[in-house]
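Geometric and topological summary
The lines below spell out each chain.
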Amino acid sequence: MSSDSQLDGLKFEQRHGKSRVRLGRVWRSKQGVHFMVEWNVSISLFSDCINSYVRDDNSDIVATDSMKNTVYAKAKECSEQVSAEDFAILLAKHFTSFYKQVTAAFVNIVEKPWERVSVDGQPHQHGFKLGSEKHTTEVVVKKSGSLQLRSSIQGLTVLKTTKSGFEGFVRDRYTALPDTRERILATEVTATWRYSYESISSVPQKSLYFAERYADVKQVLVNTFFGPPTGGVYSASVQSTLFQMAKAVLNRFPDISSVELKLPNLHFLPVNILSKENSIVKFEDDVYLPTDEPHGTIEASLSRFWSKM
Ligand SMILES: O=c1[nH]c(=O)c2[nH]c(=O)[nH]c2[nH]1
């Protein structure tokens, strides 16, 4: 994918783009309901503009300022609401088809979690509040129309107060941690998944398809972490829960070919406070010291056999 060249027997690779282009876009329905997104868009173009590096000739450069303007121009052209994924594909496709020297385009979008508010139990027509977890997407489009599409959720912080344990691990002279079948399990999920669509022409045309997918993936991750509302599900380790979550995503969504999960283990430490004379606080699965550092780091990816992450 890189725009690499041979220069005096040396290999030269280059790309250029515009990062952190901030955009808000509002769509208004005839009934007076407003829809809005806030995006942070980053673009990087692989293009044949080698002369700008070696001959002070800028005649092949697509100015990064023009890339920034294109974000707003294309947002204006979207008369109907689009998902971050569709907008990223639309931009990348534009850059690779509009400019002969652009061989591939990389577009990343981070969406802010604006959520419609309810007032008196009723969804507000034009009122939004900021939620917590972030939706991001990353596409690479080549001139040929080939596509790589990834999406992710970041900052999905979840906690359960029981149905978690950790026992039977390596026990040696460095081990102080007791076995337990009763602890708090808390983590901040980062999940990145790759869609199996490998060309622009194979992408589903249904409006907001990827926005729905994002919401559904989030639901599957959350449901698998917690289990049923009554009784929940036992977690034997963060590792085990991570695998269950990844498997649930691949089982449920045939067009997702791989998923990577990062689950830090945000420890809630039992509080026991002893004086010389007596126990001031005796831990009975009730009083904890929440910590976020140090934290455990558990990461894995699960892919269908033929797929790359
Ligand atoms: O679920 C866990 N996995 C670990 O690898 C680990 N290590 C640790 O100290 N506590 C835990 N918990």
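In what follows, the structure referred to is the one given above.
Now for a look at the structure at hand. Quick caveat: nothing in here was measured; it's all calculated off a predicted structure. (Residues numbered from 1 in each chain as written. Predicted model: local features only at pLDDT ≥ 70, side-chain atom pairs only at ≥ 80, totals over all residues. Heavy atoms only, no water.)

**Observations concerning the packing of aromatic side chains**
For clarity, the threshold we go by: Each aromatic pair joins two rings of Phe, Tyr and Trp (for Trp, the six-membered one) with centres within 6.5 Å, and gets the label stacked for planes under 30 degrees apart, edge-to-face for over 60, and tilted for any other angle. We call a residue buried when its accessible area falls under 20% of the maximum for its residue type, exposed when it is over 50%, and partly exposed in between, using a 1.4 Å probe and counting protein chains only. The rule for a charge over a ring is simple: NZ of Lys or CZ of Arg within 6 Å of the ring centre, and within 35 degrees of the ring normal.
Taken as a whole, this structure holds 12 aromatic pairs when the rule is applied. Residues phenylalanine 225 and phenylalanine 226 carry aromatic rings whose centres are separated by 4.9 Å and whose planes lie at 90 degrees to one another, so their mutual orientation is edge-to-face. Here phenylalanine 225 falls in the buried class, since its relative accessible area comes to 2%. Feature note: the residues Tyr195, Tyr197, Tyr209 and Phe210 constitute an aromatic cluster, connected by ring pairs. Note that arginine 116 overlies the ring of phenylalanine 35, its terminal NZ or CZ placed 5.1 Å from the centroid. Between arginine 181 and the ring centre of tyrosine 234, over which it is positioned, the NZ or CZ distance is 4.4 Å.

**A look at helix H3 (residues 84-98)**
For clarity, the cut-off: Only DSSP runs of H or I covering at least 4 residues are called helices, and only runs of E covering at least 2 are called strands; the numbering of each starts at the N terminus. Multiplying 1.5 Å by the helix residue count minus one yields the expected span of that helix.
Helix length check: H3, at 15 residues, gives a terminal C-alpha distance of 21 Å against a target of 21 Å (1.5 Å per residue), a fit within 8%. H3 sits mainly inside the fold: 11 of its 15 residues count as buried. Of the positions making up H3, those classed as buried are Ala84, Glu85, Asp86, Phe87, Ala88, Ile89, Leu91, Ala92, His94, Phe95 and Thr96.

**Let's talk about the packing of helix H4 (residues 209-226) against helix H5 (residues 238-252)**
For clarity, the threshold we go by: An axis is simply a line fitted to the C-alpha atoms; with a helix, the fit covers only the stretch in contact. Between two such axes, the angle follows the N-to-C directions and lies from 0 to 180 degrees. The cut-offs work like this: below 35 degrees is roughly parallel, past 145 is roughly antiparallel, 65 to 115 is roughly perpendicular, and the gaps in between are oblique. Rotating anticlockwise by less than a right angle from the far helix to the near helix defines a left-handed crossing, while the corresponding clockwise rotation defines a right-handed one. Contacts are assigned to residue pairs that have any heavy atoms within 4.5 Å of one another.
Here H4 crosses H5 at 140 degrees, and the two axes come no closer than 9 Å. Between H4 and H5, the angle falls in the class oblique. As for how H4 packs across H5, the hand of that crossing is right-handed. Taking contact as the criterion, the partners of Val217, Val220, Leu221, Thr224 and Phe225 in H4 are, on H5, Thr241, Gln244, Met245, Ala248, Val249 and Arg252.

**Here's the deal with the site of the ligand**
Using the following cut-off: If a single non-hydrogen atom of a residue is within 4 Å of a molecule or strand, that residue counts as near it. Any pair of N or O atoms that falls within 3.5 Å is considered a polar contact. Within protein, one atom must be able to donate a hydrogen and the other to accept it, and sequence-neighbouring residues count only if both atoms are side-chain atoms. Areas reported here follow the Shrake-Rupley algorithm with a probe of radius 1.4 Å; residue values treat only the protein chains shown as occluding. Cavities and pockets were defined on a 1 Å grid built over protein atoms only: a cavity is a set of grid points that admits a 1.4 Å probe from which the probe cannot escape, a pocket is an open set flanked by protein on both sides within 12 Å along at least five of seven lines, and lining residues are those with an atom within 4 Å of any such point. Put plainly, a molecule is in a cavity or pocket when over half of its atoms are within 2 Å of the grid points there.
In the vicinity of the ligand, the contacting residues are Phe166, Leu177, Arg183, Ser237, Val238, Gln239 and Asn265. Within the side chain of arginine 183, a nitrogen or oxygen atom sits 2.8 Å from an oxygen atom of the ligand. Between the ligand and asparagine 265 there is a distance of 3.3 Å, counted from a nitrogen atom to a side-chain nitrogen or oxygen. Taken by itself the ligand offers 290 Å² of open surface, and the protein chains cover 72% of this. The site holding the ligand turns out to be the second largest pocket.

**A few points about H5**
With 15 residues, H5 should reach 21 Å at 1.5 Å per residue; the first-to-last C-alpha distance of 21 Å fits that figure. Listed in full, the buried residues belonging to H5 are Val238, Thr241, Leu242, Met245, Ala246, Ala248, Val249 and Leu250. Against the buried residues of H5 lie strand S10 (185-195), H4, strand S11 (256-265) and strand S16 (296-303).

**With respect to the sheet that holds strand S8 (residues 134-142)**
Counted only if it meets this: The criterion for strand pairing is that DSSP finds at least two bridges linking the strands in question.
The 8 strands are arranged S3-S4-S5-S8-S9-S10-S11-S16 in an open sheet whose pairing can be described as antiparallel. A strand with exactly one partner marks an edge of an open sheet, and here the two such strands are strand S3 (16-28) and S16. Shown here is a sheet whose adjacent strand axes are inclined to one another by a mean of 15 degrees, direction ignored. Two strands pair when backbone bridges link them, and S3 and strand S4 (residues 34-47) are joined in this way by 11 bridges, in the antiparallel orientation. From the neighbouring strand, lysine 18 faces S4, where its bridge partner is isoleucine 43. Along the sheet, helix H2 (residues 64-77) makes contact with S3 and S4, crossing S3 at roughly 20 degrees. Contacts from H3 reach S3, S4, strand S5 (102-111), S8 and strand S9 (147-160), with the element oriented near 155 degrees to S5.

**Looking at empty space enclosed by the protein**
Worth spelling out the cut-off: Grid points are joined across faces, edges and corners, and a volume is the space filled by probe spheres set on the points. By the convention adopted, Pro, Cys, Tyr, Trp, Phe, Met, Ile, Leu, Val and Ala count as nonpolar, Lys, Arg, Asp and Glu as charged, and the other residues, Gly among them, as polar.
Under the defined criterion, the tally for this structure stands at 1 cavity of 30 Å³ or more. Space inside the largest cavity adds up to approximately 30 Å³. If you go around the largest cavity, the residues you meet are Leu185, Thr187, Phe225, Val238, Thr241 and Leu263. When contributions to the lining of the largest cavity are tallied by element, the ones reaching two or more residues are S10 and H5. Of the residues that constitute the lining of the largest cavity, the class distribution is 4 nonpolar, 2 polar and no charged.

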